[in-house]
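Observations on the three-dimensional arrangement
Okay, here's what each chain looks like letter by letter:
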Amino acid sequence: MKNTLRLLFVVLFIFTACQPKTATTPFDKVAAKEGLTKTLDTMYAAFRARDSITFMSLMTEDGLFCGTSPKDFWDKATYAKLMTALLADTSLSTKISVDKREIRFDKTGNSAFVIDQFFFAWNNKIPVRHTIHFVKNGNAWKCDFLSTSYIPKDEDIDKIYNAVK
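Residues numbered from 1 in each chain as written. Predicted model: local features only at pLDDT ≥ 70, side-chain atom pairs only at ≥ 80, totals over all residues. Heavy atoms only, no water.

1. As for the pairing of strand 4 (residues 111-120)
Going by this rule: Each residue's exposure class comes from its accessible area (1.4 Å probe, protein chains only) as a fraction of the maximum for that residue type: buried when under 20%, exposed when over 50%, partly exposed otherwise. Secondary structure is summarised from DSSP: a helix means a run of H or I of at least four residues, a strand means a run of E of at least two, and numbering begins at the N terminus for each. Two strands make a pair as long as DSSP finds a minimum of two bridges between them.
Judged by how many residues are buried, strand 4 sits mostly within the fold: seven of 10 residues are covered. Relative to strand 4, strand 3 (residues 96-105) is paired through nine bridges, and the arrangement is antiparallel. What sits directly across from Arg 101, in strand 4, is Asp 116. The pairing of strand 4 with strand 5 (residues 123-137) spans nine bridges and is antiparallel. By the bridge assignment for strand 5, Val 114 is matched with Ile 132. Hairpin connection of strand 4 to strand 5: two residues between the antiparallel strands.

Have a look at this one:
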């Protein structure tokens, strides 16, 4: 019995000693939020300035970008063409001001979801929501998913439904 207990103790000791030690160092949430906010500020400033090159430089090559229509699923190349054409149209107002922002980081601080809500200057009736996923690439944040959607108030849903019958 003693030999069995000793053997179990040795096996348990070896088993626990051989486990990989993955120490997760906590990230600085304040610094991460500041860095990501700067990236978002750059993104919206590029949009307002009609600078599609800077805007698209913040997107990953393998990103998915979704517009407001059910068929709007684009890769980066297609999204870049669309954004270049959109921003070249000087009749479109690019003035936006984010009213609400939520940033949620993963445990490591290497990816984050951002929810931004705002109105376009040409549409003050239905708010717009950007749902954006960012990944950290070195010290830079890059967007690998962006979805733009209109978010009508609950009390307006029946009006919209009846308008599209």
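What follows picks up the thread again.
2. Digging into the packing of aromatic side chains
For clarity, the cut-off: Note on ring pairs: Phe, Tyr and Trp rings are taken, using the six-membered ring of Trp, and paired if centres are within 6.5 Å. Classes follow the plane angle, with under 30 degrees stacked, over 60 edge-to-face and the rest tilted.
Taken as a whole and assessed by the stated rule, the structure comprises 10 aromatic pairs. Ring centres of Phe 55 and Tyr 79 lie 6.3 Å apart, and the angle between their planes is 55°; this geometry places the pair in the tilted category. Highlighted residues: Phe 55 in helix 3 (residues 52-57) and Tyr 79 in helix 4 (residues 76-88), separated in sequence by 24 residues. On the basis of relative accessible area, Phe 55 is assigned to the buried category, the value being 4%. On the accessibility criterion, Tyr 79 (6% relative accessible area) is buried.

3. Things to note about the environment of Phe 47
Note that Phe 47 resides in helix 2 (residues 29-48). Separated by 48 residues in the primary sequence, Phe 47 and Lys 95 have C-alpha atoms spaced 8.4 Å apart.

4. Examining helix 4
Inclusion rule: Expected helix span is taken as 1.5 Å per residue step, with the number of steps being one fewer than the number of residues. The directions considered for the arc are those from the helix axis to the C-beta atoms. The criterion used for residue contact is that any of the two residues' heavy atoms lie within 4.5 Å.
Between its first and last C-alpha, helix 4 extends 18 Å over 13 residues, near the 18 Å set by a 1.5 Å rise per residue. Listed as buried for helix 4 are Lys 76, Tyr 79, Met 83 and Leu 87. Angular distribution of buried residues about the axis of helix 4 spans 60°; they occupy a single face of the element. Away from its buried face, by an angle of more than 90 degrees, helix 4 presents the exposed residues Lys 81, Ala 85 and Ala 88. Elements that come into contact with the buried residues of helix 4 comprise helix 2, helix 3, strand 1 (59-66), strand 2 (73-74) and strand 6 (140-150).

5. As for unusual backbone geometry
A negative phi angle characterises most non-glycine residues, just as the trans form characterises most peptide bonds. Here the phi dihedral of Arg 50 falls at roughly 65°; this positive angle occurs in a residue that is not glycine. Tracing the chain through its elements places Arg 50 in the loop between helix 2 and helix 3.

6. Regarding the sheet that holds strand 6
Through backbone hydrogen bonds, the strands of a sheet pair up, either in parallel or in antiparallel fashion. Threshold: Axis lines are fitted to C-alpha atoms, over the contacting stretch for helices. Their N-to-C directions set the angle, which ranges from 0 to 180 degrees.
Taken in spatial order, the six strands of this open sheet run 2-1-6-5-4-3, and their pairing is mixed. Both outer strands of the open sheet, strand 2 and strand 3, are each paired with one neighbouring strand and no more. The pairing of strand 1 with strand 2 spans two bridges and is antiparallel. Residue pairing in the sheet places Phe 65 in a bridge with Trp 74 of strand 2. Of the strands in this sheet, strand 1, strand 3, strand 4, strand 5 and strand 6 are in contact with helix 2, which crosses strand 3 at around 145°.

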